[in-house]
Number of protein chains: 2
Amino acid sequence: MADIPDRRARRRAETLEEILAIALEVMAEDGVAGLSLSAVARRLGIRPPSLYKYFPSRHAVYDALFERGQRAYLEAVQRGAAGAEPGLAAMAASLEAGARWVMANQALAQLLFWRPVPGFEPSERAYAPALAVHDHFTALTSAAIERGELHPDAASEEGQALGSSLIAGLLSQQLANEPGAAFEEGRFTRWVARLPGVLAAIYPPR
Amino acid sequence: MADIPDRRARRRAETLEEILAIALEVMAEDGVAGLSLSAVARRLGIRPPSLYKYFPSRHAVYDALFERGQRAYLEAVQRGAAGAEPGLAAMAASLEAGARWVMANQALAQLLFWRPVPGFEPSERAYAPALAVHDHFTALTSAAIERGELHPDAASEEGQALGSSLIAGLLSQQLANEPGAAFEEGRFTRWVARLPGVLAAIYPPR
DNA sequence: GTCTATAGGCAGATAGAC
DNA sequence: GTCTATCTGCCTATAGAC
């Protein structure tokens, strides 16, 4: 009978994931801040109070989504860089993988990077992967500098600020103006592949 | 007695402006999408139904804010450029004036440029000033090209897309990460004054 | 132009039966 | 883990008296 608790746990985990998937649907339709647990319950076919056996509050649902989202984004940018030589080439591949993930997960990306829910602050645990993302791109920048592809100033705080603004600007413009466009055809996402070249123009080596 | 209707009209106009000012306060506190007419009425000291003598719906309040916001932003970027020589210098001054306006009117700027209210589409009338803003920056880009400060490709559609993404990225990062910072001290707004130089590095003349 | 009263909703969250 | 019932509170919007 030792496996019965396992079955229960598995079933419970499935329901948890189902709730989060439906929450993403609702956010895509009604806006990230428009998430309502009642709407989630309706779509899941249960009554709103039953949801509270899985999440103690609406806030907790946001936090679970935030953590899973950060983890998935981290994995996307790491996998993107994995195939390429460290340096500008890996940075290009990683930025593109991240941008594709954002365009494929728009509601979640808004929750992660634009904080559109007044009063919601992610827990430390949920925020942790974001620090790893930062370290990842810092390492790629350092590698590019060591290979002579970028000026050392690119690793400064202001260089990092400009770099993150470049990708954030392209994506926020794409999301606001052409959210449905394919990645290759988007007026703004088209630039993502050329970002390392832009960085090199701003921070030329030597 | 011909002035009595004028007085009434003036009083009414004052109340309209007061309602919009309070609506901005509420949006700043509860998020742009969290605007509630009841909250506005409470702060104004009247009952919610009375508001409907001034605006027929919540949507109409957003639309009035959108139009006034676009006009104010247009005026800001035009005044910013007015004192400088047309070309890159005027573009720098205009971008900085616009960025300062955004940081000083954060809730309104979100309504104008990030569309955070599901279901709200501005009326044609309210959107009109945005077209004038576009023309304004297109003219400044052309002037910079004629003066030999930028490569002609900067005026292409992709050049415009990159330019608007650069400023949008800096501001969205500043708003998300350091909304209270002074313009000169902001990690991201500090870059605004150097944007024309960045553009020139990406699109060098000749 | 202000009010009261009200319609008709929605939401988050809890208590307690089964 | 599900439900019903309920509390409490919010909202947009309208009708109609004054």
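Chain A has the name TetR/AcrR family transcriptional regulator in an unreviewed UniProt entry, where Nonomuraea ferruginea is given as its organism.

Notes on the protein's contact with DNA strand C
Neighbouring DNA strand C are 16 residues, the closest being Tyr52 of chain A together with Arg47, Ser50, Lys53 and Tyr54 of chain B. Sugar plus phosphate, as a fraction of atoms of DNA strand C within 4 Å of the protein: 74%. A distance of 3.0 Å is found between a phosphate oxygen of DNA strand C and a backbone nitrogen or oxygen belonging to Leu37 of chain A. Contact between DNA strand C and Tyr52 of chain A: a phosphate oxygen at 3.0 Å from a side-chain N or O atom of the residue. For the surface near DNA strand C, the secondary-structure elements that each account for two or more residues are α2 (37-44) of chain A together with α3 (48-51) of chain B. The biggest single contributor to the surface near DNA strand C is α2 of chain A, with 3 residues. Here the residues of the surface near DNA strand C are counted per class, giving 7 nonpolar, 4 polar and 5 charged.

Quick word on the side chain of His136 of chain A
Residues and elements named next belong to chain A. Along the chain, His136 turns up in helix α7 (residues 124-146). On the basis of relative accessible area, His136 is assigned to the buried category, the value being 14%. Setting aside residues up to four positions removed in sequence, His136 forms contacts with Val77, Gln78, Ala81 and Ser94.

Comments concerning the interface of chain B and chain A
Listed by partner, the interface residues are 26 residues for chain B and 26 residues for chain A. Buried surface at the junction of chain B and chain A, summed over both partners, amounts to about 2,100 Å²; 66% is from carbon and sulfur atoms. When the buried surface of chain B facing chain A is broken down by residue, Leu162, Ser165 and Trp191 of chain B rank first, second and third, together holding 22% of it. Our enumeration of links across chain B and chain A arrives at 2 salt bridges.

What about the packing of aromatic side chains?
Residues and elements named next belong to chain A. For the structure on display, the rule yields 12 aromatic pairs over all chains. Note on Tyr62 and Phe120: the rings are 5.5 Å apart at their centroids and 35 degrees apart in plane angle, and the pair reads as tilted. Linking Tyr62 in helix α4 (residues 58-82) with Phe120 in the loop between α6 (106-113) and α7, this pair joins segments that are 58 residues apart in sequence. Among the residues examined, Phe120 registers a relative accessible area of 6% and is labelled buried. Ring geometry for Tyr73 versus Phe113: centroids 5.0 Å apart, planes at 70 degrees, classification edge-to-face. Taken together, the residues Tyr73 in helix α4 and Phe113 in helix α6 connect sequence positions 40 residues apart. Phe113 gets classed as partly exposed once you look at its relative accessible area, which sits at 27%. Through a chain of ring-to-ring contacts, three or more aromatic side chains come together here, namely Tyr62, Phe66, Phe120 and Tyr127. Here Arg194 stacks its cationic end above the ring of Trp191, 4.0 Å away from the centre of that ring.

Structural notes on the side chain of Gln174 of chain A
Residue and element names in this part refer to chain A. Relative to the helices and strands, Gln174 resides in helix α8 (residues 157-177). Here Arg187 takes part through its backbone nitrogen, which lies 3.5 Å from a polar atom of the side chain of Gln174. Sequence-distant contacts of Gln174, defined by excluding residues within four places in its chain, comprise Met103, Pro179, Ala181, Gly186, Arg187, Phe188 and Thr189.

What counts, and where the lines are drawn
- Each chain carries its own residue numbering, running from 1 in the direction its sequence is written.
- In the order they appear in the text, chains get letters beginning with A and ligands get numbers beginning with 1.
- The predicted nature of this model means local features are confined to residues of pLDDT at least 70 and side-chain atom pairs, given and counted, to a pLDDT of 80 or more, with totals for whole chains, interfaces and linings taken over all residues.
- Side-chain measures here rest on the full set of heavy atoms in the structure, leaving out hydrogens and waters.
- Near is defined per residue: the residue qualifies when any heavy atom it owns lies within 4 Å of the molecule or strand.
- Each polar contact in these results corresponds to two N or O atoms within 3.5 Å; when the atoms are within protein, one needs to be able to donate a hydrogen and the other to accept it, and residues that are neighboring in sequence are counted only if both atoms are side-chain atoms.
- To qualify as a helix, a DSSP run of H or I must reach at least 4 residues; to qualify as a strand, a run of E must reach at least 2; elements of each kind are numbered from the N terminus.
- Side-chain classes follow a simple rule in which Ala, Val, Leu, Ile, Met, Phe, Trp, Tyr, Cys and Pro form the nonpolar group, Asp, Glu, Lys and Arg form the charged group, and the remainder, Gly included, forms the polar group.
- Buried residues are those whose accessible area, probed at 1.4 Å on protein chains only, stays under 20% of the maximum for their type, while exposed residues exceed 50% and partly exposed ones sit between those limits.
- Only heavy atoms matter for contacts: two residues are in contact if any of them lie within 4.5 Å across the pair.
- Summed over both partners, the accessible area (1.4 Å probe) lost when two parts come together is defined as the buried area.
- Any Lys or Arg side-chain nitrogen found within 4 Å of a carboxyl oxygen on Asp or Glu counts as a salt bridge.
- Side-chain rings of Phe, Tyr and Trp (the six-membered ring for Trp) are treated as a pair once their centres are within 6.5 Å; stacked means planes under 30 degrees apart, edge-to-face means over 60, and tilted covers the remaining angles.
- For a Lys NZ or an Arg CZ to count as sitting over a ring, it must be within 6 Å of the ring centre and within 35 degrees of the ring normal.

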